[in-house]
Each structure stands twice: as structure tokens, then as C-alpha cells.
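# Working through the structure, step by step
One-letter residues, chain by chain:
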Amino acid sequence: MSSLIGNSIECYEFLVYGTFSTLYFNKLFFPSFDPATGTLLSLSTFAVAFAGRPLGAFVFGHFGDRIGRKATLVTTLVMMGGATVLIGLMPTYATIGVAAPILLSVLRFIQGCSLGGETSGGFLMALESAQPNRRGFLTAVVGTGNAWGLLLANGALLLVTALPDRQVLSWGWRLPFIFSAVLVGVALHVRTRLAETPEFERSKAEGAVRNRPAIDVLSRYGLITLGASLAMLPMFLVFYLGSVFSLKYGAAIGVGRPVMLVLLVASCVFLIVAMPFFGWLSDLFNRKAVFVGGVVAMTVAPFAWFPLLDTRSLPLMALGFLLLFAGFAASYGVQGAFCARLFPTVVRYSGMSVSYNVSGLLGGAVSPIIAAALLDRFHSWTPIAVYMAAAGVIALAASAFLRERSDSTAVRRAAVPSATATSPGLTTARS
């Protein structure tokens, strides 16, 4: 529950920026440009955070494997909360000119660094405290933090947009950012009462903790890290195009913003139910099979999602979002257990964080920008769907080489500092 609460709040803080950058920040921080250029620049500041995520993954992965999961997660939570509140308090372009978007980018970078260490750590707190037959289900519950965060972000946007536009642009946009201070206080109260995970404590007691875990994961498990990064690529495209770019696409086809937000809220409810289901399914059968099945669905879903959106029929649009997010629910619901267990315990925080956030940089950072540019250039959804499908094909190729470790393999090979341990995640192991 602590991991779920922390993940939800950090995702809320991260995603509330995405929703507001699409609709308002072009006017507040880039008013000297035409609307299309202002939107692209606003989305660029959204992408800045993804540049910080690999750095945060490397730094916090190192400390998560060196000093423990708990202390690292408390630090990331404070960083994210502080940056988010400062965004809500900072002056706009009208007040301090070009310094406003610069400061906004700096705070957004700090948000990215924080999330780079938070998400994977939350998964590991659940994974390493769970019974083997419950790992998929419990990490999937933590994974619903993305959906809860998106639900909170869109709920905040619905409340704010109920105000007149003049009041929203004057002061209303600040409220969701400042409100995060309350959420962070609640999460810190819960998180500081946690114990360390049993698996990390066992590694520490056995003297297996590495001095340079983040360096080790790149030098000894580089192929696994790259494979996991590519395998998770379509998850980020689907999530950020479905949650951020969909608002722009809805406006382009004449669908009102409240309708799109209602569809996103309904999608969040679906994800909150579907992800634990797929996690439970992976405990019964095979995590890799569930993960790959989700990738296949995400590869073909865009070719149904866009035409269904174009109907402007609420039931058909809802069906489109259901088809789009079904594959995401399967892959994301399983990846917290599957991808984490590609690595041994002593470098797991680093391996999971780096692979997850490199994938986020490649898939989530630029995907709304690329999609917006393709739409403005071709006035068609087809190039965007092809772009999403290409990511799916790459992920399927990478997934073919990944194998989850058995418990005995993870322990035995983590303790052997030889060349034979360079790529055990690419060998066969029972899920």
C-alpha cells in the first residue's frame, strides 16, 4: 500500500504537468509564438523530465542497491513534491519573461530525476516483500499507481476547467500543483514507517551488496538492460499518446475537452481493474507470455483506436480507448515483476531503473511531440499509428531474448563475479 500510494502521488505530480502543458502552458510560458509552435515548445518542457529520468535512475538505482530501498524512496518523494509545489508558485512569462520557461524546465528536470528513481523502487518494495506466487499480482497493484495518478490529474483538470478561462489562466492552473504538498505529506507519513525489504536485508547480511551497482549493471548486464528498455518501449508510447496527445487529437477532430477527459477517467478505472488481473494471470501461468501478449495488442491497437475516435460517437470512442489500453494493462501489469527479475537482487534497483527510464526517454519523452508534428504535417492519424506499431515490432524482437530468473539462479549467479554472469537473463529460466 505504501508503494501504491507513493507511486500514485508521484505519477499525479508528473502527469498533471502533462495535461496542463497541452492546454495552457503554451499561453502562460510561450505566448510570443503562434499556437502550434507554443504547444510544441510546451510539450518540449514535458519531454525535459524524461531526459532527467535516466540520470535519476542511475543515481537512485545506485543508492537503492547500496543503502536500501526505503531511504531512497523517501528522498525521491520529497524531491518530486518540492519541485511540483514550486511549479505552482512560480511566475509566468508575463511577469519575468524568458526566465519563466527556463525555470519551468529546471523544475521539470528535477521531477524527472525523482520519478527515475521512484517508480522502479516502488515495484521492488512490493516484489521483494511478496511470496513467489504473488509477485505478479502485488507488483501489478503497485503499477495501478500510474492509473490512479492519471485519474487524479484528470480529476484536477476537470475541476479547474470548470472555472472561466480567464481565471484558469490567472490563478486556477496553480491549484493542482500546490495541492500536491498535502498528498506528499500523507505519503511520507506512510513511507517512513516501512521496513526494508527482506531480499535486500538478506543480501546485506550476506555481504553481497556491491560498491558500484549502477556501474556493474551496465558493464555486466548491459545486453539485458538494453533488451528490457526496448521491450518496454510501446508501453510508454501508448500511455503518453493515450493520456496526453489524445487531448490535442480530440480538439483537432472537434471533440470537446470534457468528453476526452471523461474517456480518460473511464480508461483509468479500467486500468485499475485490468492490471491486477493480468498480474494475477502471470502468477498462474507465465509472466513473459502475458507481457508479450500485451505488446502484440499494443502493436495493432492504434489502427483501431484512431478510426474509432474519428466516429465522434462516445460508445465507439470508449471502445477505442479500451482496445488501446488493454495491451498496456497486460504488459505494464506484468513488467514490475518480469523485468525486475531479469536482474539479481544486488543490482536489481539499478537494472530496473535504468532500463525502465531509458525506455521512458525513448518512448515517452518525444512521442507526444512527434505525434503532434506528424498530425500538423500530414493531417492524418496514419503516420502516428505506423510510428506506434514500429515500436511494437522492436519490442517483440527484444522480448524474444529475455528470460526471468529463477530464485536459485538469481542468488547463485549474483554471487559469482565472473564473465559467466554477464548475460544470464538471456538464458532459459523458469518464470
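Residues numbered from 1 in each chain as written. Predicted model: local features only at pLDDT ≥ 70, side-chain atom pairs only at ≥ 80, totals over all residues. Heavy atoms only, no water.

## Considering the overall build of the protein
Condition: The helix count covers DSSP runs of H or I at least four residues long, the strand count covers runs of E at least two residues long, and both are numbered beginning at the N terminus. Between the two quantities, the radius of gyration covers C-alpha atoms and the globule rule is 2.2 Å times the number of residues to the power 0.38. Categorising residues by exposure relies on relative accessible area from a 1.4 Å probe, with only protein chains included: less than 20% of the type maximum marks a residue as buried, more than 50% marks it as exposed, and the intermediate range marks it as partly exposed. Throughout, a contact is declared for two residues whenever any of their heavy atoms are within 4.5 Å. Note on areas: these come from Shrake-Rupley sampling with a 1.4 Å probe, and a residue is covered only by the protein chains present in the view.
Across its full length, the protein carries 22 helices and zero strands. Scaling as 2.2 N^0.38, a compact globule of 431 residues should have a C-alpha radius of gyration of about 22 Å, and the protein matches this with 21 Å. A principal-axis box enclosing the C-alpha atoms of the protein has dimensions of 60 × 40 × 30 Å. Taking all 431 residues of the protein together, the buried fraction comes to 58%. For the protein, the proportion of contacts with a sequence separation of at least 24, taken over those separated by at least 6, is 85%. For the protein, the exposed area adds up to about 15,600 Å²; of that, 71% sits on carbon and sulfur atoms.

## Topic: the packing of aromatic side chains
The description of an aromatic ring pair rests on the distance of the ring centres and on the angle between the ring planes. We apply this condition: Any Phe, Tyr or Trp ring, taking Trp's six-membered ring, that has another such ring centre within 6.5 Å forms a pair; planes under 30 degrees apart are called stacked, those over 60 apart edge-to-face, and the others tilted.
The tally for this structure, following the rule as stated, stands at 18 aromatic pairs. Where phenylalanine 245 meets tyrosine 249, the ring centres are 6.2 Å apart and the plane angle is 40°; that geometry is what we call tilted. Placement of the pair is phenylalanine 245 and tyrosine 249 together in helix H14 (residues 233-252), with a separation of four residues, close to one helical turn. Classification of phenylalanine 245 as buried rests on a relative accessible area of 2%. Its relative accessible area of 4% is what places tyrosine 249 among the buried residues.

## Digging into the side chain of serine 114
Using the following cut-off: By the criterion applied in these results, polar contacts are pairs of N or O atoms within 3.5 Å in which, for protein atoms, one can donate a hydrogen and the other can accept it, and in which residues neighboring in sequence qualify only through two side-chain atoms.
Note that serine 114 resides in helix H6 (residues 99-127). One polar contact links the side chain of serine 114 to the main-chain amide nitrogen of methionine 80, over a distance of 3.4 Å. With residues up to four places along the chain from it excluded, the contact list for serine 114 reads Glu10, Phe60, Thr76, Met79 and Met80.

## Some remarks on the packing of helix H15 (residues 257-284) against helix H18 (residues 314-338)
Spelled out, the test is: Every angle, taken between N-to-C directions, lies between 0 and 180 degrees, and every axis is a line fitted to C-alpha atoms, over only the stretch in contact when it is a helix. Two helices cross in a left-handed way if the nearer one is turned anticlockwise from the farther one by less than a right angle. They cross in a right-handed way if the turn is clockwise. All amino acids are sorted into three groups, where Ala, Val, Leu, Ile, Met, Phe, Trp, Tyr, Cys and Pro are nonpolar, Asp, Glu, Lys and Arg are charged, and the leftover types, Gly among them, are polar.
In contact at an axis separation of 8 Å, H15 and H18 are set at 35° when each is read in the N-to-C sense. Taken as a pair, H15 and H18 cross one another with a handedness that is right-handed. For the contact of H15 with H18, the residue count by class is 21 nonpolar, four polar and no charged.

## Re the side chain of glutamate 196
What counts is decided by this rule: Lys and Arg are tallied as positive, Asp and Glu as negative. Neither His nor the chain termini are counted. Here, a salt bridge means any side-chain nitrogen of Lys or Arg that lies within 4 Å of a carboxyl oxygen of Asp or Glu.
Tracing the backbone shows glutamate 196 in the loop between helix H10 (175-191) and helix H11 (198-205). Although glutamate 196 is buried, it forms no salt bridge, and the closest oppositely charged side chain is arginine 69 at an N-O distance of 4.9 Å. Within polar-contact distance, the side chain of glutamate 196 engages the backbone nitrogen of lysine 70 at 3.3 Å. Residues contacting glutamate 196, with those up to four places away along its chain left out, are Ile67, Gly68, Arg69, Lys70, Met125 and Glu201.

## Describing the packing of H6 against helix H7 (residues 135-143)
When two helices pack together, their arrangement is given by the angle between the helix axes and by the axis-to-axis distance. It is the contact of H6 with H7, at a shortest axis distance of 9 Å, that shows an interaxial angle of 145°. When you trace H6 past H7, the crossing you get is right-handed. Only Arg135, Leu138, Thr139, Val142 and Gly143 of H7 make contact with H6, whose side of the interface consists of Gly122, Phe123, Ala126 and Leu127. Its residues assigned to classes, the contact of H6 with H7 shows five nonpolar, three polar and one charged.

## What about helix H8 (residues 145-161)?
What counts here: Helix span, as expected, comes to 1.5 Å for every residue beyond the first.
Between its first and last C-alpha atoms H8 spans 24 Å; for 17 residues at 1.5 Å apiece the expected length is 24 Å, and the two agree. What H8 keeps buried is the set Gly145, Asn146, Ala147, Gly149, Leu150, Leu151, Ala153, Asn154, Ala156, Leu157 and Val160.

## Focus on a nonpolar patch on the surface
How we decide: A residue counts toward a patch only above 30% relative accessible area and without a salt bridge, and it is joined to like-charged neighbours within 9 Å or, for Val, Leu, Ile, Met, Phe, Trp and Tyr, to nonpolar neighbours within 5 Å.
Together, Leu55, Val59, Phe63 and Ile67 give the surface a local cluster of nonpolar side chains, amounting to about 330 Å² of exposed area. You can see phenylalanine 63 is positioned in helix H3 (residues 35-66). Looking at phenylalanine 63, the relative accessible area reads 40%, which means it is partly exposed.

## Digging into the pattern of salt bridges
Inspection of every chain in the model, using the stated rule, returns ten salt bridges. Across the pair arginine 69 and glutamate 128 runs a salt bridge whose closest N-O atoms are separated by 2.6 Å. You can see arginine 69 sitting in helix H4 (residues 69-89) and its partner glutamate 128 sitting in the loop between H6 and H7, a full 59 residues away along the chain. For the pair formed by arginine 69 and glutamate 128, the shared burial category is buried. Ionic pairing is found between arginine 348 and glutamate 199, a salt bridge with its closest N-O pair at 2.9 Å. A residue pair is termed long-range when its members are at least 10 positions apart, and arginine 348 in helix H19 (residues 348-365) and glutamate 199 in helix H11 qualify at 149 residues. Taken together, the salt bridges that share partners define one network made up of Asp65, Arg69, Glu128, Glu199 and Arg348.

## Considering helix H21 (residues 382-399)
Residues spaced three or four apart along an α-helix face the same direction, because each turn holds 3.6 residues. Spanning 18 residues, H21 covers 26 Å between terminal C-alpha atoms, matching the ideal 26 Å at 1.5 Å per step. Among the residues of H21, Ile384, Ala385, Met388, Ala389, Ala391, Gly392, Ala395, Ala398 and Ser399 are the ones counted as buried. Of the surrounding elements, those touching the buried residues of H21 are helix H13 (222-231), H14, helix H16 (287-300), helix H17 (302-310), H18 and helix H20 (367-378).

## Regarding the environment of tyrosine 93
Turning to its location among the elements, tyrosine 93 is positioned in helix H5 (residues 93-96). Residue class for tyrosine 93 comes out partly exposed when judged on its relative accessible area of 29%. Considered as a pair, tyrosine 93 and arginine 348 are 255 residues apart in the sequence and their alpha carbons are 43 Å apart.

## Some thoughts on unusual backbone geometry
Phi is positive for arginine 312, which is not a glycine, with a value near 60°. With respect to the element layout, arginine 312 can be found in the loop between H17 and H18. Judged by relative accessible area, which is 52%, arginine 312 ranks as exposed.

## Considerations on the confidence of the model for the protein
Put simply, the test is: What pLDDT reports is the predictor's confidence in each residue, on a scale of 0 through 100.
The share of residues in the protein with pLDDT of 70 or more is 91%, and the mean pLDDT across the chain is 85. Scored below 50 in pLDDT, residues 408-431 shows 49 contacts in the model against residues more than four places distant or in partner chains.

## Regarding the environment of glycine 121
Mapped onto the elements of the fold, glycine 121 is located in helix H6. Take glycine 121: its relative accessible area is 0%, and that puts it in the buried class. Note: C-alpha distance between glycine 121 and glutamate 10 (111 residues apart in sequence) is 12 Å. The residues touching glycine 121, leaving out its near neighbours within four places in the chain, are Leu73 and Tyr349.

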